[in-house]
Amino acid sequence: MDDEVVQRVFEGGGRDYHQQPSTSTSSSSSSILQSLPLHVSFDHGYYLLVKSIQELREKKDGLVTVGIGGPSGSGKTSLVEKVASVIGCAVVSMENYRDGVDDGNDLDSIDFDALVQNLEDLMNGKDAVMPLFDFQEKRHIGSKTLKSSSSGVVIVDGTYALHSKLRSLLDIRVAVVGGVHFSLLSKVRYDIGDSCSLDYLIDSIFPLFRKHIEPDLHHAQIRINNSFVSSFREPIYKLKCKNETPKGHSAYSFHGNEAQTDNFIEMYLRPPSACEEARINDWIKVRQAGIKYYLSLGDQRIVDKNYIIRPKAEFEVGRMTLGGLLALGYTVVVSYKRASTSVSNGNVSISLETIDTLGETFLVLRGTDRRVLGAEASRMGMKGPWITKSYLEMILESRGVPRLNTPPPLSNMSSIVVQEKVVVAPKPIRVTSDLVNKLEDLAQPWTRSPTKSQMEPVLATWRFISSDTTHADNSSAFRATMQLAPMPDSYDLDRGLLLAVQAIQAVLENKGLPVIVGIGGPSGSGKTSLAHKMANIVGCEVISLESYYKSEQVKDFKYDDFSSIDLSLLSKNINDIRNRRRTKVPIFDLENCTRNGFKELQVSEDCGVVIFEGVYALHPDIRKSLDLWIAVVGGVHSHLIARVQRDKNRVGCYMSQDEIMTTVFPMFQQYIEPHLVHAHLKIRNDFDPVLSPESSLFVLKSNKQVAYQDILKILDRAKFCSSVQNFTDIYLRLSGSPSKGKLAESECIRVRLCEGRFALLIREPIREGDFIIQPKVDFDISISTVSGLLNLGYQAVAYIEASALIYQDGKILIEVDHLQDAPSPYLQIKGTNRVVVAAAGSALNLDGSYTTKSYLQIILESLPAFERSSTGIHSQQATRLQELVEFIQTQGSNSVAESSPSRGGLPMESIIEDMQSRIRRLERWHTVNTVN
């Protein structure tokens, strides 16, 4: 997708502040990349870095070296881990090169000589012996050998990875800023106000940043601004109770797993502007583990039933950051020691945690899957009573909230007092303006701009209003008519997810059961994903409006027409749920376009929240019966519009996104968008299916024949399921697009017709070794969207018809594809875990037989040259494609016309006859359209 951007990075032969002649043998060879002001998002930076590594690996001999630097909490290590999961590489952490126990951001604590020697050894084909540092024991504990032949890529990860002592050894330099590093700056500036400049705050809480870290970041070729905030997308679930077992957790331990012992000091800092009452969400938490300090903003958690749910929101800071916060007026309110002994089975960890201030020991279960955690607790016979209060809340209850002029309740352990004595507030470091004037960004450097220009609270607060002001003085009447007041702003997906869950909890607390939620928005915006993430947090039922499709409408391709929904049945179900009656929710078979049964739903304490998600979930006839209205826009829906706009620009035809929207999604602006503006919560989904590393699916493809029995052997029989799909893939390319003389899949938009439904397949993969690494995102579109693309000038240039046998067990999916124009079937192994997918391929004896070519490329290469037309397909297929295009355009235009009010005047007999005719025509196409 960004080939032209990557090309810009490589053009010019390289420009470095310390450039030297490039030789293949010199350890001090300069970078061959060009320094460019590429200020990109985290996902975009990840994509660019992977593509740059791959291209550089092809252009140069020997090792490719990458440095990823930036302040603590910016997301460096997260980026390194995601790149390493795709590119086979070795990671060198600078934290192992400490030569003392001083602050981790202290430049003098890094043994650069040893690190430089290790890198030069690897670049010269020698093995490198790298040190290992233990932060609990505060010393070096040994070393490990990195073989020079183990990887063609080495990534150096650390705050000072772009330091001048290392830059001449690096081929690619990446700077990462933002993340929770900026979040802390935003939080402190909000707490303190505008009395201090941003530079002063930076010098106080990150005293080494401007002098020793920031100047190096301007030498990066790829500059990433990470907008990440603490996220509940992948939360940690906890179950906690008092430990009643005299001998500890031996009765609960996982056999064969080694226990780990940790000792932490945890402290909470109250802002200087805080009042007497306890607002623990405004406090800053600091956890000390050995010589490391970890910081999180406030008591960020959600409590649902017995579960404590926390985001992954902790990041490492230096000791001087704690001193800087104290100097700015923050005070330590509570401090205690937590001693932990834990054991894990990979899915769930069990810990015995002793809190010295409370004098009690607690048994804690943690995991990333709510259902798995609950099942594990039941399996071990743990029945509570569960504790949902944090240790901080329990300490405050037992000792009270310290007054502003009193010292904090400290732990009984004398070591804490010793630790606090060594935390000295540093004097702010001021640097001369000359240094900044040499840098490229003078007005507002990209390295220090908090993500929010207007500092706002960590989270907004929900409030209620009455829909009937005549009962404002009657509390019971007000409770019956109260409803949420809409949030005035829109929010990103992370903040929106948290606000959505808190809105549900607010309605439960103020109105009681049940709570009925509607999530609406265009196809591909992320409604279903959001609904299931909410359900995983609050433990509720999710019902898709697709369950209410009318069979006759769906067979007519009218998925995005409001008339396709059985509104009477939906209204009955919602009314039954509202009155806590047992109700029957329909089950719709999308493959056969028929309703094939019902499932019973009963509101209870365990299932008191029901989420309805669908394109028309916020339609006036539906939302009037709901408690919470959530609108989601963006996501893959926006990706398609941006893709079309980019294609049109390439051929010299500018179109606004509104013009494209009207043509490609004709139903949206007229029938869907007007309903979204009334939502209580509006969410912008910035997810990009191509760039995001979160959506990576690892695929191995082979045409080697494998027996069915062998496939069964590597799948979990208990979770095994299989299915059959017949599909036709249509490739659309914009007329006039630049071409290199042959058809390439990257130039095309790929649409799949499968079991009577159209879907857009997002396929812009990264190919690495034997693996195809591609997004795992497809989304349904209506036939009017396909017709709209054709009306914009896209041409159907190829199609492939195939049948697929699919076998899966929840971890991996094995797909056997029979292509009409291929002599033998192809087998694909798919999964989100690269190691698991590779192991499955080895178990099937497929090593050495893999291909990374697309099916389009395979089929085109198999055709003789004289059978291909100028577009790259053979003439017989071109004739059938033309007929298929005519069918789509006719069907698509009819679908839009029939959704207009004028359709109501047509005789019913005419409508049925027209519909049956189109169904017969569709069935004929399923029979005729084959690739010869």
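Everything numeric in this text was worked out from a predicted model, so none of it was measured. (Residues numbered from 1 in each chain as written. Predicted model: local features only at pLDDT ≥ 70, side-chain atom pairs only at ≥ 80, totals over all residues. Heavy atoms only, no water.)

1. Some details on the overall build of the chain
Phase 1: Across its full length, the chain holds 28 helices and 38 strands.
Phase 2: Residue burial in the chain is summarised as follows: out of 932 residues, 55% are buried.
Phase 3: Summarising the internal contacts of the chain: among those between residues at least 6 apart in sequence, 74% fall at separations of at least 24.
Phase 4: Of the roughly 40,000 Å² of accessible surface on the chain, 48% is carried by carbon and sulfur atoms. (Helix = DSSP H or I, 4+ residues; strand = E, 2+ residues; numbered from the N terminus. Buried < 20%, exposed > 50% of the residue type's maximum accessible area, 1.4 Å probe, protein only. Contact = heavy atoms within 4.5 Å. Areas by Shrake-Rupley, 256 points an atom, 1.4 Å probe, with all protein chains shown as cover.)

2. Concerning the pattern of salt bridges
Phase 1: The full count for this structure, using the stated rule, is 37 salt bridges.
Phase 2: As a salt-bridge pair, Lys60 and Asp171 come within 3.0 Å of each other at their nearest N and O atoms. Here Lys60, found in the loop between helix 2 (42-59) and strand 2 (64-69), pairs with Asp171, found in the loop between helix 5 (164-167) and strand 7 (172-178); they are 111 residues apart in sequence, far enough to count as distant.
Phase 3: For Asp304, the salt bridge is made with Arg370, and the minimal N-O distance between the two is 2.8 Å. Residue Asp304 is found in strand 13 (residues 302-304), and its partner Arg370 is found in helix 10 (residues 370-379); the two are separated by 66 residues along the sequence. Here the two residues Asp304 and Arg370 agree in accessibility, since each one is buried.
Phase 4: Shared partners join several salt bridges into a network, and the residues in it are Glu266, Lys285, Arg338, Glu353 and Arg366. (Salt bridge = Lys/Arg side-chain N within 4 Å of Asp/Glu carboxyl O.)

3. A few points about the environment of Leu49
Phase 1: One can find Leu49 in helix 2.
Phase 2: With relative accessibility at 0%, the residue Leu49 sits in the buried group.
Phase 3: A C-alpha to C-alpha distance of 9.9 Å links Leu49 and Gln221, two positions 172 residues apart in sequence.
Phase 4: Once residues within four sequence positions are removed from consideration, Leu49 is found in contact with Val66, Ile68, Leu79, Val83, Ile172, Val174 and Ile222.

4. Concerning the sheet that holds strand 11 (residues 284-289)
Phase 1: Read across the open sheet, the ten strands follow the order 13-14-9-18-17-16-10-11-12-15; overall the sheet is antiparallel. This sheet does not close on itself; its edge strands, each paired only once, are strand 13 and strand 15 (315-317). Each neighbouring strand pair of the sheet contributes to a mean axis angle of 30°, computed without reference to strand direction.
Phase 2: Of the pairings in the sheet, the one linking strand 10 (residues 260-270) to strand 16 (residues 331-344) comprises eleven bridges and is antiparallel in character. Its bridge partner lying in strand 16, Ile265 is registered against Lys337.
Phase 3: Sheet contacts for helix 6 (residues 179-192): strand 11, strand 12 (292-297) and strand 15; angle to strand 12, the most-contacted strand, approximately 60°.
Phase 4: Each of strand 9 (236-242), strand 13 and strand 14 (307-310) touches helix 16 (residues 527-538); the most contacted strand, strand 13, lies at about 70° to it. (Pairing = 2+ DSSP bridges. Axes fitted to C-alpha atoms, helices over the stretch in contact; angles between N-to-C directions.)

5. A short note on the nonpolar core
Phase 1: Residues Val66, Leu79, Val174, Phe612 and Leu732 are the most contacted members of the largest nonpolar core, which totals 108 residues.
Phase 2: Contact partners of Leu79, with chain neighbours within four places excluded, come to Phe42, Tyr46, Leu49, Ile68, Val174, Val176 and Ile224.
Phase 3: Counting residues in each nonpolar core, the second largest holds 56 residues, with Leu162, Leu170, Leu198 and Ile265 among its members. (Core = buried A, V, L, I, M, F, W, Y, C linked by side-chain atoms within 4.5 Å.)

6. Things to note about the pairing of strand 14
Phase 1: Across the two faces of strand 14 the burial is the same, with Tyr307 and Ile309 and Ile308 and Arg310 all buried.
Phase 2: As paired strands, strand 9 and strand 14 are joined by three bridges and run antiparallel to one another. Bridged to Lys238 within strand 14 is Ile308.
Phase 3: Relative to strand 14, strand 13 runs antiparallel, the two sharing three bridges. The partner of Ile302 across the bridge, within strand 14, is Ile309.

7. Brief notes about the confidence of the model for the chain
Phase 1: Of all residues in the chain, 77% attain a pLDDT of 70 or more, and the chain-wide mean is 79.
Phase 2: Low pLDDT, under 50, characterises residues 11-37; the predicted model gives this stretch 58 contacts beyond four residues in sequence or across chains.
Phase 3: With pLDDT under 50 throughout, residues 901-932 is counted as low confidence; its partners more than four residues away or in other chains account for 43 contacts. (pLDDT = per-residue confidence, 0-100.)

8. Thoughts on the environment of Ser849
Phase 1: On the secondary structure map, Ser849 appears in the loop between helix 25 (834-843) and helix 26 (855-862).
Phase 2: Counting along the chain gives 148 residues from Ser849 to Lys701, while the straight-line C-alpha distance between them is 8.3 Å.
Phase 3: Other than its neighbours up to four places away in sequence, Ser849 contacts Lys701, Ser702, Asn703 and Lys704.
Phase 4: A polar side-chain atom of Ser849 sits 2.8 Å from a polar atom in the side chain of Ser702.
Phase 5: Within polar-contact distance, the side chain of Ser849 engages the backbone oxygen of Leu846 at 2.6 Å. (Polar contact = N/O pair within 3.5 Å; in protein donor to acceptor, adjacent residues only side chain to side chain.)

9. As for unusual backbone geometry
Phase 1: Cis geometry marks the peptide bond from Leu513 to Pro514; its omega dihedral reads -10°.
Phase 2: Of note, Pro514 is situated in the loop between helix 15 (493-511) and strand 22 (515-520).
Phase 3: One non-glycine residue, Arg580, adopts positive backbone phi at about 60°.
Phase 4: Along the chain, Arg580 falls in the loop between helix 18 (567-578) and strand 24 (583-589).

10. Points about the sheet that holds strand 28 (residues 681-685)
Phase 1: On the basis of which strands lie adjacent, the open sheet formed by six strands has the order 21-28-27-22-26-23 and parallel pairing. Since the sheet does not close on itself, it has two edges, and those belong to strand 21 (490-492) and strand 23 (541-544), each with one partner. Across this sheet, the average inter-strand angle for adjacent strands is 25°, counted without regard to direction.
Phase 2: In this structure, strand 22 lies alongside strand 26 (residues 609-613), joined through five bridges in parallel fashion.

11. Observations regarding the packing of helix 2 against helix 3 (residues 76-86)
Phase 1: One way to put it is that helix 2 packs onto helix 3 with a least axis distance of 10 Å and a crossing angle of 45°. Considering their axes alone, helix 2 and helix 3 lie oblique with respect to each other. For the crossing formed where helix 2 meets helix 3, the hand is right-handed. Taken together, the residues of helix 3 that come into contact with helix 2 (itself represented by Phe42, Tyr46, Leu49, Val50 and Ile53) are Ser78, Leu79, Lys82, Val83 and Val86.
Phase 2: Residue composition of the contact of helix 2 with helix 3, by class: eight nonpolar, one polar and one charged. (Parallel < 35°, antiparallel > 145°, perpendicular 65-115°, else oblique. Left-handed = near helix turned anticlockwise from the far one by under 90°. Nonpolar A, V, L, I, M, F, W, Y, C, P; charged D, E, K, R; others polar.)

12. Quick look at helix 11 (residues 391-399)
Working note: α-helix, 3.6 residues per turn, so residues spaced by three or four point in the same direction.
Phase 1: Within helix 11 the residues assigned to the buried category are Tyr391, Leu392, Met394, Ile395 and Leu396.
Phase 2: On the buried face of helix 11, the contacting elements are strand 9, strand 10, strand 16, strand 17 (348-355) and strand 18 (360-367).
Phase 3: Phi for Gly400, located one or two positions after helix 11, is positive at around 85°.

13. A look at the packing of aromatic side chains
Phase 1: Taken as a whole, this structure holds eight aromatic pairs when the rule is applied.
Phase 2: Ring centres 5.5 Å apart and planes at 55° place the aromatic pair Tyr708 and Tyr807 in the tilted group. Taken as a pair, Tyr708 in helix 23 (residues 708-714) and Tyr807 in strand 36 (residues 794-808) lie far apart in primary sequence, 99 residues in all.
Phase 3: Tyr807 sits in the buried class, given a relative accessible area of 10%.
Phase 4: Taking the centre distance of 6.2 Å and the plane angle of 15° together, the rings of Phe720 and Tyr807 count as stacked. Of the two residues, Phe720 sits in the loop between helix 23 and strand 30 (721-734) while Tyr807 sits in strand 36, which places them 87 residues apart along the sequence.
Phase 5: Grouped by ring-pair contacts, the aromatic residues Tyr336, Phe362 and Tyr391 constitute a single cluster.
Phase 6: One residue, Lys240, lies across the ring of Tyr391, its end atom 4.0 Å from the ring centre.
Phase 7: One cation-aromatic arrangement involves Lys701 over Tyr855; the distance from NZ or CZ to the ring centre is 4.1 Å. (Phe/Tyr/Trp six-rings, centres within 6.5 Å; stacked < 30°, edge-to-face > 60°. Lys NZ or Arg CZ within 6 Å of the ring centre and 35° of its normal.)

14. Focus on helix 22 (residues 666-676)
Phase 1: Taken as a whole, helix 22 has its buried residues at Pro666, Met667, Phe668, Ile672, His675 and Leu676. Viewed end-on, helix 22 has its buried residues packed into an arc of 105°, placing them on one side of the element. (Arc of directions from axis to C-beta.)

15. Digging into the pairing of strand 22
Phase 1: Taken across its six residues, strand 22 has six buried, putting it largely inside the fold.
Phase 2: Relative to strand 27 (residues 628-634), strand 22 runs parallel, the two sharing four bridges. Bridge assignment links Gly518 to a residue of strand 27, and that residue is Trp629.

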